[in-house]
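Chains, contacts and geometry: an overview
Given next are the chains, with one letter for each unit.
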Amino acid sequence: MGGAVVDDAPPGVKAPDGGWGWAVLVGCFVITGFSYAFPKAVSVFFKELIREFGVGYSDTAWISSILLAMLYGTGPLCSVLVNRFGCRPVMMVGGLFASLGMILASFATSIIHIYLCAGVITGLGLALNFQPSLIMLNRYFSEKRPLANGLAAAGSPVALCCLSPLGQILQYHYGWRGGFLILGGMLLNCCACGALMRPLLPPKKPLELEESGRLLDFSVFRDRGFVIYTVAASIMVLGLFVPPVFVVSYAKHLQYEDTKSALLLTILGFVDMFARPLSGLVAGTKWVRPRAVYLFSFAMIFNGCTDLIGSQATDYVGLVVFCIFFGMSYGMVGALQFEVLMAIVGTEKFSSAIGLVLLMEAIAVLVGPPGAGRLLDATHSYMYVFLLAGCEVTLSAIVLALGNFFCITKKQEDQEAKMEMAVTASEKEGLNRAVEAEDDEEEPRERENGKMKAGEEAMTVKETGEGGDETQL
């Protein structure tokens, strides 16, 4: 995902679709991995945090929610900073913030401190890294953009496969405080990735851009497709991130050891890392690309049904099967969501549209996992948590598919009808003008012909008159 970072590159710059773009892709791959794996990977520390501070599941779930909310909700801030300073310096400062937050969280004395440090500071740092990296990737790739986005999105499951077991090992050997400290040091790699984001041209903005200082274009709300997408995406994220956050705790609740429980996230991430680039390849084909919204709807229904069925798992094998299918559907959703948004609003308004979408989603992300944690505290059953998540994601798929079918298709038909009417009217007008022109051309001819006929008649009369006189003589 990304934020509302305005593309300040001068118009007319052609994306190289390669070259240094592959280095940018590597940096975006790493940044994406840190940005989306961290909110899930920290869930392996939840049990220790519950023991340390005497809190409930809903309290610890706020850590992941705040991380995701900062990642989603800081689009306008990233927009201003990137337009003012450029992508590279913003990302390098963001790497320092991300590292500092985890280091400070290792000294926390209450759960509130962890909210502020690991949630707000680290979340802001990751947002300042991820959102500009997405814009840089889109600057460097055009024709190969679906594949590039799919490969970059694969950074999330790859990092999850590594960070989840690593977090478990760090917790076992050094405790949660030592684990937070080491993870904070690892986040300094974001600064190195930021250094890879070389601008295509010197970051000199045109005069009109400096004067306008563009942030967000709210005119996208006039687009039916954008409104439907925003509503559907906001419903989706209520439940999309719940299973990865709670699946490890689910396994521990079934009395499986910690290492075996953490392996579930590794399995999920392993499947996810192949699903994302494959989905990007499929979405880039000529037949699928115009219909990507329906493929996206299918991915959401697939994900929601996986949650509903996975809620009935009662042993480790059932959870493994759930993680396999969840990884497939989750990877499809991650690879397709921004391709679909760009197809709906177009390249020009994409920066503003993605920022507004993420602002709406940030509220849902902030509510989703804690709400599921509160439900877990009330029922003491993970079944209801997964059922709720599945219903929310499935509902979002229905909203997107039906809204697109009935509203967007109808809108296109109306536009086509208007175009046909306009063409018909213009054709009629053209015919009328042609007839008028022919009439205008015929009038002088008739006048000339009338004059010629009148002259001939006069000559005939004159000749006849003269002949009559001669006859009389």
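Let me sum up the structure you'll find in this document. (Residues numbered from 1 in each chain as written. Predicted model: local features only at pLDDT ≥ 70, side-chain atom pairs only at ≥ 80, totals over all residues. Heavy atoms only, no water.)

Before going further, it helps to spend a moment on helix H5 (residues 87-105). In a regular helix each residue adds 1.5 Å, so 19 residues correspond to 27 Å; H5 covers 27 Å between its end C-alpha atoms and thus fits that length. Here H5 has its buried residues at Cys87, Val90, Met91, Gly94, Gly95, Ala98, Ser99, Gly101, Met102 and Ala105. The buried residues of H5 all sit within an arc of 170° when viewed along its axis, so they share a single face. Tucked into the core, H5 has its buried residues touching helix H1 (21-41), helix H4 (75-85), helix H6 (111-140), helix H8 (155-186) and helix H9 (189-195). (Helix = DSSP H or I, 4+ residues; strand = E, 2+ residues; numbered from the N terminus. Expected span 1.5 Å × (residues − 1). Buried < 20%, exposed > 50% of the residue type's maximum accessible area, 1.4 Å probe, protein only. Arc of directions from axis to C-beta. Contact = heavy atoms within 4.5 Å.)

Moving on: the nonpolar core. Formed by 120 residues in total, the largest nonpolar core has its most connected members in Phe38, Tyr72, Ile114, Phe246, Phe296 and Leu341. Taken domain by domain, the makeup of this core includes at least three residues from each of domain 1 (19-198) and domain 2 (216-421). With residues near it in sequence (within four places) discarded, Ile114 still touches Leu49, Phe53, Ile63, Ala105, Ala108, Gly119, Trp176 and Phe180. (Core = buried A, V, L, I, M, F, W, Y, C linked by side-chain atoms within 4.5 Å. Domains from an automatic or database assignment.)

What follows concerns the packing of aromatic side chains. Considering all chains together, one arrives at 20 aromatic pairs under this definition. Aromatic side chains Phe53 and Trp176 sit 5.8 Å apart centroid to centroid with 65° between the ring planes, which places their arrangement in the edge-to-face category. Of the two residues, Phe53 is situated in helix H2 (residues 46-53) and Trp176 in helix H8; the sequence distance between them amounts to 123 residues. Put simply, the rings of Tyr72, Phe241, Tyr250, Phe322, Phe326, Tyr330, Tyr382 and Phe386 touch in pairs and so form one group of aromatic residues. One cation-aromatic arrangement involves Arg198 over Trp20; the distance from NZ or CZ to the ring centre is 4.3 Å. Just above the ring of Trp287 sits the side chain of Arg291; from NZ or CZ to the centre is 4.6 Å. (Phe/Tyr/Trp six-rings, centres within 6.5 Å; stacked < 30°, edge-to-face > 60°. Lys NZ or Arg CZ within 6 Å of the ring centre and 35° of its normal.)

This part takes up the packing of H1 against helix H3 (residues 57-73). Taken N-terminus to C-terminus, the directions of H1 and H3 make an angle of 155°; their axes are 8 Å apart at the nearest point. With respect to H3, the element H1 is oriented roughly antiparallel. Here H1 runs over H3; the crossing is left-handed. Two secondary-structure elements touch here, H1 through Ser35, Tyr36, Phe38 and Pro39 and H3 through Ser64, Leu67, Leu68, Leu71 and Tyr72. (Axes fitted to C-alpha atoms, helices over the stretch in contact; angles between N-to-C directions. Parallel < 35°, antiparallel > 145°, perpendicular 65-115°, else oblique. Left-handed = near helix turned anticlockwise from the far one by under 90°.)

On the surface, Tyr294, Ile398, Leu402, Phe405 and Phe406 cluster together into a nonpolar patch covering about 490 Å² of accessible area. Among the elements that take part in the nonpolar patch, helix H17 (residues 382-472) stands out by supplying 4 residues, more than any other. As for its position among the elements, Phe405 is in helix H17. Among the residues examined, Phe405 registers a relative accessible area of 48% and is labelled partly exposed. (Patch = residues over 30% accessible without salt bridge, like charges linked within 9 Å, V, L, I, M, F, W, Y side chains within 5 Å. Areas by Shrake-Rupley, 256 points an atom, 1.4 Å probe, with all protein chains shown as cover. Salt bridge = Lys/Arg side-chain N within 4 Å of Asp/Glu carboxyl O.)

Before going further, it helps to spend a moment on the pattern of salt bridges. Across all of its chains, the model carries 3 salt bridges by this definition. The closest approach of N and O atoms between Glu52 and Arg177, which form a salt bridge, is 3.4 Å. Of this pair, Glu52 sits in helix H2 while Arg177 sits in helix H8, and the two are 125 residues apart along the sequence. A relative accessible area of 30% means that Arg177 is categorised as partly exposed. Taking the shortest distance from any N to any O, the salt bridge between Asp272 and Arg276 comes out at 2.8 Å. Linking Asp272 with Arg276, this pair stays in helix H13 (residues 258-283), spanning 4 residues, or about one helical turn. Overall, the relative accessible area of 1% leaves Asp272 in the buried class.

Attention now goes to the environment of Phe386. Tracing the backbone shows Phe386 in helix H17. On the basis of relative accessibility, which here comes to 1%, the residue Phe386 falls in the buried class. Counting along the chain gives 139 residues from Phe386 to Val247, while the straight-line C-alpha distance between them is 9.3 Å.

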